[in-house]
Amino acid sequence: MKKKNNQAVTPDSPAPLNRRTFAFLLDWYLGSAFSAVPVGILWNMRTGETVINTDITLFEAPYGWLAGLLGLLFGAVYYYVVPLKVWRGQTLGKRLMDIRITGEDGNLLSAGSLALRQIVGVMILEGSFLMTGQYAAQMLTMLTRGMVGKAPGYLMLGLFLVSVWLVYRGGKAAHDIWAGSKVVSGKL
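Okay, so let's go over this structure.

The rules we used
Residues numbered from 1 in each chain as written. Predicted model: local features only at pLDDT ≥ 70, side-chain atom pairs only at ≥ 80, totals over all residues. Heavy atoms only, no water. Core = buried A, V, L, I, M, F, W, Y, C linked by side-chain atoms within 4.5 Å. Buried < 20%, exposed > 50% of the residue type's maximum accessible area, 1.4 Å probe, protein only. Helix = DSSP H or I, 4+ residues; strand = E, 2+ residues; numbered from the N terminus. Contact = heavy atoms within 4.5 Å. Salt bridge = Lys/Arg side-chain N within 4 Å of Asp/Glu carboxyl O. Axes fitted to C-alpha atoms, helices over the stretch in contact; angles between N-to-C directions. Parallel < 35°, antiparallel > 145°, perpendicular 65-115°, else oblique. Left-handed = near helix turned anticlockwise from the far one by under 90°. Nonpolar A, V, L, I, M, F, W, Y, C, P; charged D, E, K, R; others polar.

Description of the nonpolar core
Piece 1. Formed by 17 residues in total, the largest nonpolar core has its most connected members in Val 39, Ile 56, Phe 59, Ala 67, Tyr 79 and Tyr 135.
Piece 2. Of all the elements in the fold, those that place two or more residues in this core are α1 (17–47), α2 (63–86), α4 (111–125) and α5 (131–143).
Piece 3. A total of 5 residues in this core trace back to one element, the largest contributor, which is α2.
Piece 4. With residues near it in sequence (within four places) discarded, Tyr 79 still touches Asp 27, Trp 28, Gly 31, Ser 32, Thr 91, Gln 118, Val 122, Met 123 and Leu 130.

Things to note about the side chain of Asp 27
Piece 1. Here Asp 27 shows up in helix α1.
Piece 2. Note on Asp 27: relative accessible area 4%, which makes it buried.
Piece 3. Those residues in contact with Asp 27, other than ones at most four positions away along the chain, are Ser 32, Tyr 78, Tyr 79, Thr 91, Leu 92, Gly 93 and Lys 94.

Concerning the environment of Leu 114
Piece 1. Inspection of the secondary structure assignment puts Leu 114 in helix α4.
Piece 2. Considering only alpha carbons, one finds Leu 114 and Arg 20, 94 residues apart in sequence, at a separation of 17 Å.
Piece 3. Other than its neighbours up to four places away in sequence, Leu 114 contacts Tyr 80, Pro 83, Leu 84, Ile 101, Leu 109 and Ile 119.

As for unusual backbone geometry
Excluding glycine, a negative phi dihedral is what most residues carry, and trans is how most peptide bonds are arranged.
Piece 1. Note the cis peptide between Ala 61 and Pro 62, where omega equals 0 degrees.
Piece 2. Here Asp 98, not a glycine, exhibits a phi torsion of approximately 60 degrees, which is positive.
Piece 3. Summarising the element assignment, Asp 98 is placed in the loop between α3 (92–96) and β3 (99–103).
Piece 4. What makes Asp 98 buried here is its relative accessible area of 12%.

Section: the pattern of salt bridges
Piece 1. Going through the model one piece at a time under the given rule, you end up with 5 salt bridges.
Piece 2. For Arg 20, the salt bridge identified is with Asp 176, shortest N-O distance 2.5 Å. Separated by 156 residues along the polypeptide, Arg 20 in helix α1 and Asp 176 in helix α7 (residues 174–179) bring together distant segments of the chain.
Piece 3. With relative accessibility at 11%, the residue Arg 20 sits in the buried group.

Observations concerning the packing of α1 against α2
Piece 1. Contact geometry of α1 with α2 gives a least axis separation of 9 Å together with a crossing angle of 150 degrees. Taken together, α1 and α2 sit at an angle that is classed as roughly antiparallel. Crossing angle aside, the handedness with which α1 passes α2 is right-handed. From α1, Asp 27, Trp 28, Leu 30, Gly 31, Ser 32, Phe 34, Ser 35, Val 37, Pro 38, Val 39, Leu 42 and Arg 46 reach across to α2, where they touch Tyr 63, Leu 66, Ala 67, Leu 70, Gly 71, Phe 74, Gly 75, Val 77, Tyr 78 and Tyr 79.
Piece 2. Residue classes in the contact of α1 with α2 are distributed as 15 nonpolar, 5 polar and 2 charged.

Structure (structure tokens):
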């Protein structure tokens, strides 16, 4: 058992809220930047502009779809493949904050549960501040030819706020509840 900030921390104790919040902010920045790379490159290739555009609705068809899919794919590498294959249960933000994702039993999540947590929960449904969430909302707008308006963004913001409230109240975000996961201190 180690001591951090005058409190005992066991390897499977719930991650402190301050470290979890800082890991989220790091992952928000790094994951969004990584997701924007293919979109920015495609925009520059298509227009010759040096400005980086991340609004896929501004691309001519079918390049908006390609940009959105590439952005989601790059996001999935950061948010899903890295904790699945590279740092087992950790994104870069979680690794730097010495916290990790586990199942309720303390073991690694299955690939399916991790996909539910990271791709469906974090990247898309709660992704109002992430580039991946914005790409998903923009793709829905393109699919419905603008009929949904800003509703997906507001829905994702609402889900994000509920998730933050759940973490504050009980330590588990909505994506943790859906996937049967928890965020704990320590590395595997």
